[in-house]
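Here is how the chains run, residue by residue.
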Amino acid sequence: MSRFYVTTPIYYVNDVPHLGTAYTTIAADALRRAHQLFGDATFLLTGTDEHGLKIERQALEKGMEPLAFADQASASFRAAWPELRVEPDYFIRTTEPAHKAFVQDLWRRIEAAGDLYEGSYEDWYCVGCESFKTEKELEQPGNLCPLHKKAVERVKEQTYFFRLSRWEKPLLELYERRPDFVRPESRRNEVVSFVSSGLRDLSVSRTSFSWGIPVPGDEKHVMYVWFDALTNYRSALAAAGKDGFWPRAGSDARVLHLMGKDILRFHAVYWPAFLLAAGYSQDELPSQIFAHGFLTVDGQKMSKSLRNAVDPLRLARKLGPDVLRYQLLRSVAFGQDGDFDHAGMLERYNADLGKNIGNLLQRTLGLCSRFTGSKRPDLPSLVGIEPLTRRLITNLEESVNLKLEASRQAWENMEVHRAMELAMAMGDDANGFVNDAAPWAAAKAGDMTRVEAVLAALLEVLRILSILLWPAMPGKADELRQQLGLGPISPCEGEARWPSRFEPLQGGGELSPGTPLFPMYDKDQVKALLDELVPPREEAPSPEVKAPTPVAGAPAEELAPIPFEDFARVELKVGVVLSCERVPRKDKLLRLQVDLGEEAPRPIVAGLALSFTPESLVGRRVVVVSNLEPRSFGKGLVSHGMLLATGAPESLTLASVDGDVAPGARLK
Ligand code: MSP
């Protein structure tokens, strides 16, 4: 058994979980599950990055204390991941006291080693990246950050410098000695060339704002947010009492940092340099830094508004989390840039999951119900079996064994898409095998031994597939097992669950055929799903908001009576408006954050602007239809609820409730 520790970046709290952050997080969860199947002890870490100028400014804009602002956003990340079947062992927040103390300790060690010194600095800073930029990197005209396309700021300050230049040679030696330290290869080459071109000392403290971890002994400085953030990977283990997952000389611990290519440099250059400067030995550095590529959505770059329009939670609720997970892991070669294409996702669902795996299960269980009374047959000795069937079974066995090994290698080498491809190829083989072995013909000829041999082989492929698919689709894999009459996968440290080879189970157990595992979408369903899920294209002029109005008005005509059950499907809740602002270029709309007693406030867009100023609504108790499907107003503006009101658009009266009713109370 070895120890496998995998991390995601900790996400900034000025954003919500989106498809990009979901991608890294799902990949990390799938990799950890694969290692659980190998019998490794595993640890999965994610969390939120809460300090720095960007967060301080956002909180101020919202009129909130930075910590209260971070509390809300961090809670929305924490709540999101389990909905995607991601199960972190620890969720770190950089505002945790234990993390702060750990970071300050690391600072003191580096200071004691002589790698921090005071000086003054003048350079360009991009608040979006939380990073200094050299003149060369900027786009002209306008001194724009190449990533954020926003003007950088000129920063001139007293600062502590980290003596990064001193680590140039040791880092190059590290990349040389450990060619796998940075992966994939192309990214490693970029890092080597960046470091070879010379490292400047790095400014690691700021004095012009205060939302950060104070520098020990000089509290007018707060630490550079990346110094604080990167340290989470080590401090979280200490907080969780799992220091054994950090590598030491001679230990079996392996640490994998996963991230997008945008932040590779911080991980592959600054982080090992900080650790080395603090006295960590080469053996005590992370084992691998793996940068995956960037996703576009339906061919479009994920701008902030588009990112928010493609809500992974909404996709997961609509299609099931496993379908989203499969698409993300299968459709993009892990490490390269790729496109998340909604139409492609549904096509792939039908082809890979419906026609291949789902169909294989249904056919096999159908045949078992016809010929064995839904009992698992034994694989009879192949010796006496009709030669063609014997050859077909032996071929299937060989190809399954080869794919099993290749799939294990693929997980080890971070070729997640390849592992998925191999599982599908195994399904294809088995579907071909049923056609070739034609057990129905054997049954007609009365050769029940042959029928049983074919069915036992098919059930074995399905059992193996349930394990191979589990890292990507844990829910569906367990459903598949249930139909095979097997228990869910429950990994156990030190005991491999990964199948060693094709080895049919003893016969006798009851199979339990159920509803189709992956019911196929027909043309009309695909169209309806695409209409609902695909966000409007960004270049298109935003559609004018027309009726139905975003606020429920008085109905123009009497409606027919409805049964009580219909009314009961509408969820009405008391909300309190936390913040409210106008929407640029939409003179009728206001954008509100409404407390409904949930983990995070609800973003609601409402046509109230002709009747109310934003300030007059803050603190008001309102009545919200809280189970309406989210509604897009274009340009990434999405409403997650509707306020009740009556009257003409310029003289609306809001529905409310008497008394001090708690937010979230249901109206019945
Ligand atoms: N807070 C820092 C990370 C500190 S780690 C010590 C940060 N946070 S972030 O919220 O901006 O998250 C960046 C990460 O989100 C990327 O590295 C990547 O993992 C993920 N992605 C964001 N957009 C993405 C795509 N369009 N495609 C794929 N991944 C993307 O940076």
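Please read all numbers here as calculations on a predicted model, not as lab measurements.

K.L.:
I keep staring at the overall build of the protein chain and nothing clicks. Help me out?
P.N.:
Summing up its helical and strand segments, the protein chain has 21 helices and 27 strands in all. Expected size for 668 residues packed as a compact globule is a radius of gyration near 26 Å; at 29 Å, the protein chain falls within 12% of this value. With respect to the principal axes defined by its C-alpha atoms, the protein chain has extents near 85 × 80 × 45 Å. For the protein chain, the exposed surface amounts to about 28,900 Å²; the carbon and sulfur share of it is 51%. Put simply, the protein chain has 79 plus and 90 minus side-chain charges, and the middle of one group is 1 Å from the middle of the other.

K.L.:
How do you make sense of helix α9 (residues 264-277) when you look at a structure like this?
P.N.:
Note that an α-helix has 3.6 residues per turn; residues three or four places apart therefore point the same way. With 14 residues, α9 ought to run about 20 Å at 1.5 Å a step, and its terminal C-alpha atoms sit 19 Å apart, in line with that. The largest bend along α9 reaches roughly 30° and is located at Y270, with the proline P272 sitting one to four residues downstream. Of all 14 residues in α9, 13 are buried; the element is thus mostly enclosed. Note on α9: the residue one or two positions beyond its end, G279, has a positive phi of about 100°.

K.L.:
Just checking my understanding: could you explain the sheet that holds strand β17 (residues 338-340) for this structure?
P.N.:
The strands that make up a sheet are held in pairs by hydrogen bonds between backbone atoms, and each pair lies either parallel or antiparallel. Taken in spatial order, the three strands of this open sheet run β16-β15-β17, and their pairing is mixed. Either end of the sheet is taken by a strand with one partner, and the two such strands are β16 (300-301) and β17. Note: strand β15 (residues 295-297) against β17, three bridges, orientation parallel. Paired with V297 across the two strands is F340, which belongs to β17.

K.L.:
Mind showing me how you'd approach the sheet that holds strand β9 (residues 202-203) here?
P.N.:
Pairing within the open sheet is antiparallel, and its four strands lie in the order β6-β5-β7-β9. Each end of this open sheet is capped by a strand with a single partner; those strands are β6 (131-133) and β9. Across 10 bridges, strand β5 (residues 116-126) lies against strand β7 (residues 153-162) in antiparallel orientation. Each bridged residue has a counterpart across the sheet, and for E118 the counterpart in β7 is Y160.

K.L.:
Looking at this model, I keep getting lost on the packing of aromatic side chains. Mind explaining?
P.N.:
Centre distance and the angle of the planes are the two values used to describe a pair of aromatic rings. In this structure the tally under the stated criterion is 26 aromatic pairs. Taking the centre distance of 5.1 Å and the plane angle of 5° together, the rings of F290 and F334 count as stacked. Placement of the pair is F290 in strand β14 (residues 288-292) and F334 in the loop between α12 (321-331) and β17, with a sequence separation of 44 residues. For the pair F290 and F334, a shared accessibility class is recorded, and that class is buried. The side chain of R206 reaches across the aromatic face of Y125, ending 4.6 Å from its centre. For R265, the ring lying beneath its charged end belongs to F194, and the centroid distance is 3.7 Å.

K.L.:
Before we go on, may I ask you to explain the nonpolar core in this structure?
P.N.:
For soluble globular proteins, nonpolar side chains are generally found buried alongside one another. Grouped together as the largest cluster of nonpolar side chains are 103 residues, with contacts concentrated most on L19, W81, L84, L258, L315, W411 and F433. With sequence-adjacent residues up to four places away left out, L258 is seen in contact with V6, T7, T8, P9, T24, A27, A28, L31, F290, F334 and M414. Within the second largest apolar cluster, 76 residues are counted, among which are Y160, A236, I263 and L264.

K.L.:
What's the story with the site of the ligand in this structure? I'm lost.
P.N.:
The local shell around the ligand holds 25 residues, among which I10, T24, D49, D262 and L295 are the closest. At a separation of 2.7 Å, a nitrogen atom of the ligand approaches a polar side-chain atom of D49. Take L295: an N or O atom from its main chain is 2.9 Å from a nitrogen atom of the ligand. Within the complex, the protein chains bury 93% of what would otherwise be the 680 Å² of accessible surface of the ligand. Taken together, the elements giving at least two residues each to the shell around the ligand come down to β2 (11-12), α1 (19-37), α7 (225-230), α8 (232-240) and β13 (253-260). Among the elements that line the shell around the ligand, the one with the most residues is α1, at four residues. Here the shell around the ligand is composed, by residue class, of 14 nonpolar, nine polar and two charged.

What counts and what doesn't
Residues numbered from 1 in each chain as written. Predicted model: local features only at pLDDT ≥ 70, side-chain atom pairs only at ≥ 80, totals over all residues. Heavy atoms only, no water. Helix = DSSP H or I, 4+ residues; strand = E, 2+ residues; numbered from the N terminus. Rg over C-alpha atoms; globule rule 2.2 N^0.38 Å. Areas by Shrake-Rupley, 256 points an atom, 1.4 Å probe, with all protein chains shown as cover. Lys, Arg positive; Asp, Glu negative; His and termini not counted. Charge placed at Lys NZ, Arg CZ, Asp CG, Glu CD. Expected span 1.5 Å × (residues − 1). Bend = angle between axes of the 7 residues up to and from the residue. Buried < 20%, exposed > 50% of the residue type's maximum accessible area, 1.4 Å probe, protein only. Pairing = 2+ DSSP bridges. Phe/Tyr/Trp six-rings, centres within 6.5 Å; stacked < 30°, edge-to-face > 60°. Lys NZ or Arg CZ within 6 Å of the ring centre and 35° of its normal. Core = buried A, V, L, I, M, F, W, Y, C linked by side-chain atoms within 4.5 Å. Contact = heavy atoms within 4.5 Å. Near = heavy atom within 4 Å. Polar contact = N/O pair within 3.5 Å; in protein donor to acceptor, adjacent residues only side chain to side chain. Nonpolar A, V, L, I, M, F, W, Y, C, P; charged D, E, K, R; others polar.

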